[in-house]
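Descriptive structure summary
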Amino acid sequence: MTVPYEHLREDFKILQQHVNDEPLVYLDNAATTQKPEAVLKALETYYHTSNANVHRGVHTLAERATTQYEGAREKVRRFINAPSTAEVLFTRGTTTSLNWVARSLGDLIIEEGDEIVISFMEHHSNIIPWQQLAKRKGAKLKYIELTDDGKLDMDDAREKITEQTKIVSLVHVSNVLGVVNPIRELTDYVHDKGGVMVVDGAQAVPHMPVDVQALDADFYAFSGHKMMAPTGIGVLYGKRKWLEKMEPLEFGGEMIDFVELQDSTWKELPWKFEAGTPNIAGAIGLGAAIDYLENIGMREIMDHEQNLVAYLMPKLEEIEGLTLFGPKKASDRTGVIAFNIDGVHPHDVATAMDMEGVAVRAGHHCAQPLMNYLNQPATARASFYLYNTVADADKFVDALKATKEFFIHGLD
Amino acid sequence: MALTKLDQLYRAVILDHSQHPRRRGVLDKATTQIELKNPTCGDVIQVQLTVEEDKITDVRFDGSGCTISMASASMMTDAILNKSVDEALTLVNEFSEVVQGNKPEHEQELGDAMMLAGVSKFPARIKCATLSWKALEKALGSDGTGVDGQLTHD
Ligand SMILES: Cc1ncc(COP(=O)(O)O)c(C=O)c1O
């Protein structure tokens, strides 16, 4: 299917505005994405027609809300090809999902002297929960090194992951380097050594087909807001064999079967983890976002982004004094491009580009260990999504050149 | 071209200060020094002072950061050299007014630092401009050497 990208932009009112008198070019999609009308409409329709609490009432609205909320769970299950909705937990986002695993699985299987392995390209939300677990249990946290072109060093991975390694938690797609990690290969290796594989899929699920069974990961986390859904909704997929043994982290309504004075029993999966009134509208919005993405096709979206990167890379490589981070080959990466202009601080770059209407991010991208590893205090980052066009890519290159000119000339 | 608007922020004087910073380096005999970091952007700044009989007789800064933070540090050293501790603290407050778009009382004394008034139109960058001044304030408020800290989120 060929996608009419020019028309697709009409689904996003926010993109049709001027910023600093220039047409907005939104290139901060790794931070969060814009929402199409279909998602906003789904929220509105839910509140107009069906709003009620879930799993609680016998009245008609409660039934509708429950059906739609659980319907969204089924959409997520199908989208990531999970075997069962019992293994699809709604959370607040990737951060919450990873914290749940580190806390609940960590308490279940980590003992003093055990090893937990992550990598130098992790987001803070896939570092700190493990640091805390390691400190709590007296376990050891190890980091897999990167190669010069910003990939996981697979030789080092094989060295760091040992029989003592109980948990390995790795990012599927880096939010700085854009690199796609070979998760299946790593998972097989981890399982061989008897460990559990956790995957941070925050930058993968929005941009490519993800099949959790094909990856064979034990846990897989992602956020709705990075894939056109509202903020405050995310997913933790976990294999039933683990989720059944794990204890919930929060207790209260919705997650119990029977409550007695001194003890209670939990509901079955997935509800035992979802205490309290959940983000019902958020889940429904996520369902609508999945419909929107599937209608275009995840492979199509991935190809579109790779085409943009393939188009951009040679143009960027021509710019003198521009450092690009991550793999050079478009097929090794997604539409996340971190860069620095020699002698110009990324914050100055981001301010200048904003004046041109181009929204890019500058900073450490919640990856301070990676910044140190790359020996950069910070970087600028452009991240593309399916509503970005070749025209956006051109505007980005022009703004980049103008920015460089401005600072170089001013500094003469 | 929209970049012309950038001139409000990056006046020639500012670019000059960031490229040719005044008093960048280290003091042999500092009476007070501080290192401050802005964790959101990775900027780090060290400020060293020699305070003799309540007067700032020498000052140096070092570190890494964006144009705005480096220029501001350089301008800060111009403004506070040979001032009393109280005068310097007053300038810190005045400067923070300037970058919020308000008029200070001692425009003259702030000197080139007045050029950073344009920062008020770029709220995301106000912290860049105030980092060195916050460091100065902390250094003056402490009594010894070896202090360090982080820029808080206020
Ligand atoms: C790779 C990666 N992991 C985790 C997160 C955290 O996601 P959230 O803030 O939605 O919990 C992000 C996004 O910031 C990310 O890019």
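All figures in this text were calculated on a predicted structure; none of them were measured in a lab.

**Let's talk about the overall build of chain A**
- Counting secondary structure elements, chain A contains 14 helices and 17 strands.
- A compact globule built from 412 residues should have a C-alpha radius of gyration of about 22 Å, and chain A, at 22 Å, falls within 12% of that.
- Counting every position in chain A, which comprises 412 residues, the buried fraction comes to 60%.
- Accessible surface computed for chain A: about 16400 Å², of which carbon and sulfur atoms make up 50%.
- Of note, chain A has its 40 positive side-chain charges centred 4 Å away from the centre of its 60 negative side-chain charges.

**Things to note about the environment of Gly287(A)**
All names here are of chain A.
- Note on placement: Gly 287 falls in helix α10 (residues 280-296).
- Sequence spacing of Gly 287 and Gly 201 is 86 residues, and the spatial spacing of their C-alpha atoms is 17 Å.
- Those residues in contact with Gly 287, other than ones at most four positions away along the chain, are Ala 72 and Lys 75.

**What to know about the UniProt feature "domain: Aminotransferase class V" (unreviewed entry) in chain A**
- Sequence positions flagged by UniProt for "domain: Aminotransferase class V" (unreviewed entry) are, in local numbering, residues 25-396 of chain A.
- Span residues 25-396 of chain A is 40% helix and 17% strand, its end C-alpha atoms 8 Å apart.

**Examining the pairing of strand β17 (residues 379-383) of chain A**
Residue and element names in this part refer to chain A.
- Across the five residues that make up β17, a large majority, five, are buried.
- Neither face of β17 is open: one carries Thr 379, Arg 381 and Ser 383, the other Ala 380 and Ala 382, and all of them are buried.
- As paired strands, strand β14 (residues 336-341) and β17 are joined by four bridges and run antiparallel to one another. Considered in β17, the bridge of Ala 338 is made with Arg 381.
- Relative to β17, strand β16 (residues 361-363) is paired through three bridges, and the arrangement is antiparallel. Across the sheet, the residue bridging to Gly 363 is Thr 379, located in β17.

**Observations concerning the pattern of salt bridges**
All names here are of chain A.
- Taken as a whole and assessed by the stated rule, the structure comprises 30 salt bridges over all chains.
- Of the charged contacts, one joins Glu 70 and Arg 73 as a salt bridge, the two residues approaching to 2.8 Å between their closest N and O atoms. Separated by three residues within a single helix, Glu 70 and Arg 73 lie in helix α3 (residues 60-80), roughly one turn from each other.
- Between Lys 137 and Asp 107 there is a salt bridge, with its nearest N and O atoms 4.0 Å apart. Pair noted here: Lys 137 is in helix α5 (residues 128-137) and Asp 107 is in helix α4 (residues 94-109), with a separation of 30 residues, a long-range link.
- On the accessibility criterion, Asp 107 (39% relative accessible area) is partly exposed.

**Digging into unusual backbone geometry**
All names here are of chain A.
- Of note, the amide linkage connecting Leu 269 to Pro 270 takes the cis form, showing an omega dihedral of 0°.
- One non-glycine residue with positive phi stands out, namely Met 228, at about 80°.
- With respect to the helices and strands, Met 228 occurs in the loop between β9 (219-223) and β10 (234-238).
- Residue Met 228 is classed as buried on the basis of its relative accessible area of 0%.

**Overview of the UniProt feature "domain: NIF system FeS cluster assembly NifU N-terminal" (unreviewed entry) in chain B**
- UniProt's entry tags residues 10-128 of chain B with the feature "domain: NIF system FeS cluster assembly NifU N-terminal" (unreviewed entry), counted in the numbering of this structure.
- The span residues 10-128 of chain B shows a helical share of 36% and a strand share of 23%, and its end C-alpha atoms are spaced 13 Å apart.

**Some points on the interface of chain B and chain A**
- Taken together, the contact between chain B and chain A spans 23 residues of the former and 22 residues of the latter.
- Taking both sides of the interface into account, the surface hidden between chain B and chain A amounts to around 1800 Å²; carbon and sulfur atoms contribute 62%.
- Seen at the junction of chain B and chain A, the total is one salt bridge.
- A salt bridge links Arg125(B) to Asp348(A); the shortest N-O distance between them is 2.8 Å.
- Counted by class, the side of chain B that touches chain A contains 13 nonpolar, six polar and four charged residues.

**Considering helix α2 (residues 12-19) of chain B**
- Restricting attention to buried positions, one finds in α2(B) the residues Ile14(B), Leu15(B), His17(B) and Ser18(B). All buried residues of α2(B) project into a common sector of 160° when viewed along the axis, lining one side.

**What to know about the nonpolar core**
- Phe219(A) and Tyr220(A) are the most contacted members of the largest nonpolar core, which has 109 residues in total.
- When residues of this core are assigned to their parent elements, the largest contribution, eleven residues, is made by α10(A).
- Mapping this core onto the domain boundaries places at least three of its residues in each of domain 1 (40-294) and domain 2 (297-409) of chain A.
- The residues touching Tyr220(A), leaving out its near neighbours within four places in the chain, are His172(A), Val199(A), Gly201(A), Ala204(A), Val205(A), Val210(A), Val212(A), Leu215(A), Val235(A), Leu236(A) and Tyr237(A).
- Core analysis: the second largest hydrophobic core is formed by 76 residues, Ile319(A), Ile337(A), Ile45(B) and Val119(B) among them.

Each value, and the rule that gives it
Residues numbered from 1 in each chain as written. Chains lettered and ligands numbered in written order. Predicted model: local features only at pLDDT ≥ 70, side-chain atom pairs only at ≥ 80, totals over all residues. Heavy atoms only, no water. Helix = DSSP H or I, 4+ residues; strand = E, 2+ residues; numbered from the N terminus. Rg over C-alpha atoms; globule rule 2.2 N^0.38 Å. Buried < 20%, exposed > 50% of the residue type's maximum accessible area, 1.4 Å probe, protein only. Areas by Shrake-Rupley, 256 points an atom, 1.4 Å probe, with all protein chains shown as cover. Lys, Arg positive; Asp, Glu negative; His and termini not counted. Charge placed at Lys NZ, Arg CZ, Asp CG, Glu CD. Contact = heavy atoms within 4.5 Å. UniProt positions renumbered as here; feature names shortened; annotations may be inferred. Pairing = 2+ DSSP bridges. Salt bridge = Lys/Arg side-chain N within 4 Å of Asp/Glu carboxyl O. Buried area = accessible area lost by both parts, 1.4 Å probe. Nonpolar A, V, L, I, M, F, W, Y, C, P; charged D, E, K, R; others polar. Arc of directions from axis to C-beta. Core = buried A, V, L, I, M, F, W, Y, C linked by side-chain atoms within 4.5 Å. Domains from an automatic or database assignment.

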